[in-house]
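# Observations on chain architecture
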Amino acid sequence: MIKRIDATEKAVELINILKEKHGDLMFYQAGGCCEGTQPQCFEKGGYYQRTGDVCIGTVEDVEFWVDKDLFEYWKHAHFTLTVIDAFGVGGFSLETPLKKTFQIEYRIFTPEEEKDLEPVTRIE
């Protein structure tokens, strides 16, 4: 099965730092509005998903949720979670006090990959 999301080593290191400090985490990638368009990291349960939102997989046992409309737009793309040294838009994410920002890099799945993608979970 082909994963829909992976993370860079730097992103994994930051996730583990945040897990140590905050416990179980979750990511949510929205399509815009006040939280911006970068993924937001919250304590697990600290953000309530909407009906139809999609969990595309996990990174370090942390669920990565995507807004239902954004998923429809990017469902043919692989997500790679990265991190940069910068203050992100909105500032709601747990990495903000560390002057870090999670980001997503996208690439389109090959036709072969599309045939063997991991299933997603949707909020019903």
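Everything below is about the structure shown above.
Along each chain, residues carry numbers from 1 onward, in the same order as the chain's sequence is written. Local features in this predicted model are restricted to residues whose pLDDT is 70 or higher, and side-chain atom pairs enter the listing and the counts only when it is 80 or higher, whereas totals over whole chains, interfaces and linings include all residues. Heavy atoms from the whole structure form the basis of all side-chain values; hydrogens and water molecules are not counted.

### Quick look at the overall build of the protein chain
If you tally the helices and strands in the protein chain, you get 3 helices and 8 strands. Helices (α) and strands (β) of the protein chain occur, in sequence order from the N terminus, as β-α-β-β-β-β-α-β-β-α-β. It is over C-alpha atoms that the radius of gyration is taken, and the globule rule equals 2.2 Å times the number of residues to the power 0.38. A compact globule built from 124 residues would reach a C-alpha radius of gyration of about 14 Å, and the protein chain, at 14 Å, matches this within 12%. Expressed as a percentage of the 124 residues in the protein chain, the buried residues total 41%. Total accessible area on the protein chain is roughly 6,900 Å²; 53% of this is exposed by carbon and sulfur atoms. We score Asp and Glu as negative and Lys and Arg as positive, and we do not count His or the chain ends. Charge coordinates come from a single atom per side chain, which is NZ of Lys, CZ of Arg, CG of Asp or CD of Glu. The average position of the 14 basic charges and that of the 23 acidic charges among the side chains of the protein chain differ by 2 Å. Helix and strand assignments come from DSSP, with helices taken as H or I runs of at least 4 residues and strands as E runs of at least 2, each series counted from the N terminus. Only protein chains enter the calculation, and the probe is 1.4 Å; a residue is then buried if its accessible area is under 20% of its type maximum, exposed if over 50%, and partly exposed in between. Method for areas: the Shrake-Rupley scheme with a 1.4 Å probe, in which residue coverage is limited to the protein chains shown.

### Focus on the sheet that holds strand β7 (residues 101–108)
Taken in spatial order, the 3 strands line up as β1-β6-β7 in an open sheet, and their pairing is mixed. Here the strands that pair on one side only, and so sit at the sheet edges, are β1 (5–7) and β7. Each adjacent strand pair in this sheet contributes to an overall mean axis angle of 25°, direction not counted. Whether two residues are in contact is decided by their heavy atoms, any of which lying within 4.5 Å being enough. Each axis is a line fitted through C-alpha atoms, taken for helices only over the stretch in contact, and angles between the N-to-C directions span 0 to 180 degrees. Here helix α1 (residues 9–22) sits on the sheet and contacts β1, β6 (77–84) and β7; the angle it forms with β6, its principal contact strand, is near 65°. Here a strand pair is declared whenever DSSP counts at least two bridges between the two strands.

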